[in-house]
Amino acid sequence: MKCIIRPLTLEDEPFLWEMLYQALYVPAGHPAWPREIVQIPEIAHYVNGWGDQGDCGFLASNPVTGESIGAVWLRLLISNNKGYGHIDDNTPELSIAVLPEYRGQGIGTQLLTHLFAASEQSSISLSVSANNPAVRLYRRFGFEVVKSNQESLTMRRC
Ligand SMILES: CC(C)(COP(=O)(O)OP(=O)(O)OC[C@H]1O[C@@H](n2cnc3c(N)ncnc32)[C@H](O)[C@@H]1OP(=O)(O)O)[C@@H](O)C(=O)NCCC(=O)NCCS
């Protein structure tokens, strides 16, 4: 499905909270996470106060209905506020999600293509569960594993 993609604005913060929830990996057979989980500080800081210097990203919408259906965004989380995928204080972390009913239709690919065409970042990192199928998508976009433990991978694209 070819979606409409535009840059994120300050007004998109409510949708980014939904995307943050949707970005959380739910292992097969595991119940859905409670909604309040996004308020945990280690998770909330990916969206809290959206619009800080350096924040950027894109929103995908359904071309027929106009519904917002996915987003990708970058945020620099450093010093005493490091994210799960922190590598160094110059490398922003990527977050991405697509609403469940739209997954597997090329929307994540379109969002990442837009982001990398627009971004001037020399390095971008992310953290992903080791068994999340999204790892394949990230590898196709040039991300490589730079750290791993039993549960998660830190990947970087230079
Ligand atoms: C990851 C995600 C943003 C990709 O967007 P998408 O529109 O589904 O992706 P595309 O259709 O462009 O590309 C397909 C690839 O996405 C990934 N993917 C597809 N469905 C997925 C799902 N339900 N969960 C995780 N990754 C998925 C796979 O890598 C797939 O590649 P494959 O066909 O080789 O298996 C989207 O599936 C999603 O929101 N998943 C749940 C949240 C998540 O895992 N976010 C990443 C956290 S690090």
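Right above here is the structure, for reference.
Throughout what follows, the structure given in this document is the object of discussion. Sequence order as written defines residue numbering, which begins from 1 separately in each chain. Under the rules for a predicted model, residues below a pLDDT of 70 receive no local features and side-chain atom pairs below 80 are neither given nor counted, while totals for whole chains, interfaces and linings still include all residues. Only hydrogens and water are set aside when side-chain values are computed; all heavy atoms of the structure are taken into account.

1. Topic: the nonpolar core
Turning to step 1, where the next piece is worked out: Ranked by internal contacts, the top residues of the largest apolar core, which has 47 residues, are Trp73, Leu94, Leu111, Tyr138 and Phe143.
Turning to step 2, where the next piece is worked out: Only runs of H or I of at least four residues qualify as helices and only runs of E of at least two qualify as strands under DSSP, and these elements are numbered from the N terminus. Take this core: its biggest share by element is six residues, from helix α1 (residues 13-23).
Turning to step 3, where the next piece is worked out: The contact partners of leucine 111, leaving out residues within four places of it in the chain, are Ile5, Phe58, Leu59, Ala60, Gly70, Ala71, Val72, Ile96, Ala97 and Val98. Residues enter a nonpolar core if they are buried and are Ala, Val, Leu, Ile, Met, Phe, Trp, Tyr or Cys, with the set joined through side-chain atoms within 4.5 Å. When accessible area is computed with a 1.4 Å probe and restricted to protein chains, residues below 20% of their type maximum are described as buried, those above 50% as exposed, and intermediate ones as partly exposed. Contacts: residue pairs with any heavy atoms within 4.5 Å of one another.

2. Some remarks on the site of the ligand
Turning to step 1, where the next piece is worked out: Put simply, a residue is near a molecule or strand once any heavy atom of it comes within 4 Å of that molecule or strand. The ligand sits among 21 residues. The nearest are Gly106, Gly108, Thr109, Pro133 and Arg136.
Turning to step 2, where the next piece is worked out: For this analysis, a polar contact is any N or O atom pair within 3.5 Å, provided that within protein one partner can donate a hydrogen and the other can accept it, and provided that sequence-adjacent residues contribute only side-chain to side-chain pairs. The backbone of isoleucine 96 places a nitrogen or oxygen atom 3.2 Å from a nitrogen atom of the ligand.
Turning to step 3, where the next piece is worked out: A distance of 2.8 Å is found between an oxygen atom of the ligand and a backbone nitrogen or oxygen belonging to glycine 104.
Turning to step 4, where the next piece is worked out: The fraction of the free accessible surface of the ligand (830 Å²) that becomes covered by protein chains is 79%.
Turning to step 5, where the next piece is worked out: Broken down by secondary-structure element, the contributors of at least two residues to the shell around the ligand are α1, β4 (93-98), α3 (107-118), β5 (124-129) and α4 (134-140).
Turning to step 6, where the next piece is worked out: For the shell around the ligand, the leading source of residues is α4, giving five residues. All accessible-area figures derive from a Shrake-Rupley calculation using a 1.4 Å probe, and residue coverage is judged against the displayed protein chains alone.

3. As for the pairing of strand β7 (residues 152-157)
Turning to step 1, where the next piece is worked out: Inspection of the sheet shows β5 paired to β7 by six bridges, in the antiparallel sense. Within β7, the position partnered with serine 127 by the bridge is threonine 154.
Turning to step 2, where the next piece is worked out: Here strand β6 (residues 144-148) runs beside β7; their pairing, made up of four bridges, is antiparallel. When the sheet's bridge partners are listed, lysine 147 is paired in β7 with threonine 154.
Turning to step 3, where the next piece is worked out: Criterion used throughout: strands pair if DSSP finds at least two bridges between them. What sits between the antiparallel neighbours β6 and β7 is a turn of three residues.

4. As for the pairing of β4
Turning to step 1, where the next piece is worked out: Taken across its six residues, β4 has six buried, putting it largely inside the fold.
Turning to step 2, where the next piece is worked out: Every second residue of β4 is oriented toward a common face, with Glu93, Ser95 and Ala97 on one face and Leu94, Ile96 and Val98 on the other, all of them buried.
Turning to step 3, where the next piece is worked out: Sheet analysis places strand β3 (residues 68-75) next to β4, joined by six bridges and oriented antiparallel. Residue pairing across strands places tryptophan 73 opposite serine 95, the latter belonging to β4.

5. Things to note about the packing of aromatic side chains
Turning to step 1, where the next piece is worked out: Only the six-membered ring of Trp is used, alongside the rings of Phe and Tyr, when aromatic pairs are assigned; centres must lie within 6.5 Å, and planes under 30 degrees apart are stacked while those over 60 apart are edge-to-face, with the rest tilted. Inspection of every chain in the model, using the stated rule, returns four aromatic pairs.
Turning to step 2, where the next piece is worked out: Relative to tyrosine 84, the ring of tyrosine 46 has its centre 6.5 Å away and its plane inclined at 15°; by these criteria the two rings are stacked. In this pair, tyrosine 46 sits in the loop between α2 (41-44) and β2 (56-61) while tyrosine 84 sits in the loop between β3 and β4, placing the two residues 38 residues apart along the sequence.
Turning to step 3, where the next piece is worked out: Judged by its relative accessible area of 6%, tyrosine 46 is buried.
Turning to step 4, where the next piece is worked out: Plain terms: the ring middles of tyrosine 138 and phenylalanine 143 are 5.8 Å apart, the flat faces sit at 65° to each other, and that makes the pair edge-to-face. Here tyrosine 138 matches phenylalanine 143 in class, with each residue buried.
Turning to step 5, where the next piece is worked out: Counting every residue linked through ring pairs, the aromatic cluster contains Phe116, Tyr138, Phe141 and Phe143.
Turning to step 6, where the next piece is worked out: Comment: the charge-over-ring label is applied if NZ (Lys) or CZ (Arg) is within 6 Å of the ring centre and within 35 degrees of the ring normal. Lying over the aromatic face of phenylalanine 116, arginine 157 brings its terminal NZ or CZ to 3.8 Å of the ring centre.

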